[in-house]
Amino acid sequence: MLSEVRVVVHECLGNEEQRLRRLVLKGPIAQTAKAGQFVAVRVQDPALTSYDPLLRRPISLAEISTERDEITLLYRVVGKGTEILARVGSGEILSVMGPLGKGFSLPTEGELWLVAGGIGIFPLYSLAKSALARGLTVRLFWGGDNQSFLTSAGLASWQALGIPIHLCTMDGSLGLKGLVTVQVLEQLSKLKGQMAMGGQVQVATCGPQKMMQAVTELCMKVGVPVEVSLEERMGCAVGACLGCVCTLVDEAGAQVHKKVCLDGPVFRGEEVVWDGSC
C-alpha cells in the first residue's frame, strides 16, 4: 500500500490562472488501481525539518496505465499542501499510499452516463476509458465556471474519446448557460421511452454535493442506478481517524455511519443521507 514512486511528468494543465496540475507517477500502484479510487501523497517539504503539513493529501486517480506502470493525478493548487506538491519536479521520488478506497462499478451492458461538476471531472476519465474498453456506450455531462476552465481541465482529451458530450458553463462561454443538471434532466426525459424498450443506463457522478444530490434525485425518479463519489476532508485516509464519516441508510432503512476513505469514496446515490453529515 505504501510506495516510493518516481515523478515522470509534472506540468501545468491548461491556463495557469486555473492553477491545475498534471502529475504522472511511475510505480506498482497502477497494477491494482481501479477507477474511482485515490492515493494519499506525502507533501512535506524536504527542505524543512518540521512535519508541517503532517497529513498526506488525498488525490483521485485520473488515469491508470498498467502497461507503463503509471498513474496520472490531476489536481488544483488550493492550499499549503498542494503548494508544496506543485514544486516537485520530474525525476523526484514521492511517498504515496494507495490505491485506497472503493471505486466505481461498471454495468455489464448498455450506457454509462458521467456527470461532473468542476474538477469532479478528474476521477471520471479513467472510468470512461474502462467503460469504453468493455464496449459500453459512454456519455458525458460536464459543468464548469467558464470556457477557460473546461479547456484547461482536459476537454480536448474527452473529445478525443469520441463520445457524446453535454457542456454547461455558468457564464455561457461554452455550451449551455447554467447548471449541468438541466441537461441531465432533459436526457433522462428522453430516456423513458428507451427504458420501456429495454434500454439500460447507469450514472456515475462527482462534483459539488448539491449537484450530486440533484443528480441522484433525478435518477431515482426514473429508476436509473447512480453512484456518487463523495469528497469529504480526510485525515489518515485509511479509516482509523474517523475524520471523514458520512451518514447512509442501510437496506433496513436505518441510518448508519461509514468512512468515505475506506467504505467509499464511491457509494450508491440512494443510500446517501444528503442532509446528514455528508
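The notes below deal with the structure included here.

Conventions and cut-offs
Residues numbered from 1 in each chain as written. Predicted model: local features only at pLDDT ≥ 70, side-chain atom pairs only at ≥ 80, totals over all residues. Heavy atoms only, no water. Helix = DSSP H or I, 4+ residues; strand = E, 2+ residues; numbered from the N terminus. Buried < 20%, exposed > 50% of the residue type's maximum accessible area, 1.4 Å probe, protein only. Pairing = 2+ DSSP bridges. Contact = heavy atoms within 4.5 Å. Axes fitted to C-alpha atoms, helices over the stretch in contact; angles between N-to-C directions.

## A word on unusual backbone geometry
Here comes step 1: Each neighbour pair has its own omega, and for Gly 98 with Pro 99 the value is 0 degrees, a cis peptide bond.
Here comes step 2: Mapped onto the fold, Pro 99 is located in strand β6 (residues 93-100).
Here comes step 3: Residue Pro 265 follows Gly 264 across a cis peptide bond; omega there is 10 degrees.
Here comes step 4: Relative to the helices and strands, Pro 265 is located in the loop between α7 (260-263) and β15 (266-268).
Here comes step 5: Its identity is not glycine, yet Ala 237 carries a phi of approximately 75 degrees, on the positive side.
Here comes step 6: One can find Ala 237 in the loop between β12 (226-229) and β13 (245-249).
Here comes step 7: Overall, Ala 237 belongs to the buried group, its relative accessible area being 5%.

## Here we look at the sheet that holds strand β7 (residues 111-117)
Here comes step 1: Strand order in the open sheet formed by 7 strands is β10-β9-β8-β7-β11-β12-β15, with mixed pairing between adjacent strands. Only two strands of the sheet have a single neighbouring strand rather than two, namely β10 (176-177) and β15.
Here comes step 2: With 3 bridges connecting them, β12 and β15 associate as antiparallel partners. Its bridge partner lying in β15, Glu 227 is registered against Arg 268.
Here comes step 3: Taken strand by strand, helix α2 (residues 124-133) contacts β7, β8 (137-144) and β11 (201-206), and its axis lies near 170 degrees from that of β7.
Here comes step 4: Packing against the sheet, helix α6 (residues 209-222) makes contact with β7, β11 and β12, and its axis sits at approximately 165 degrees to β11.

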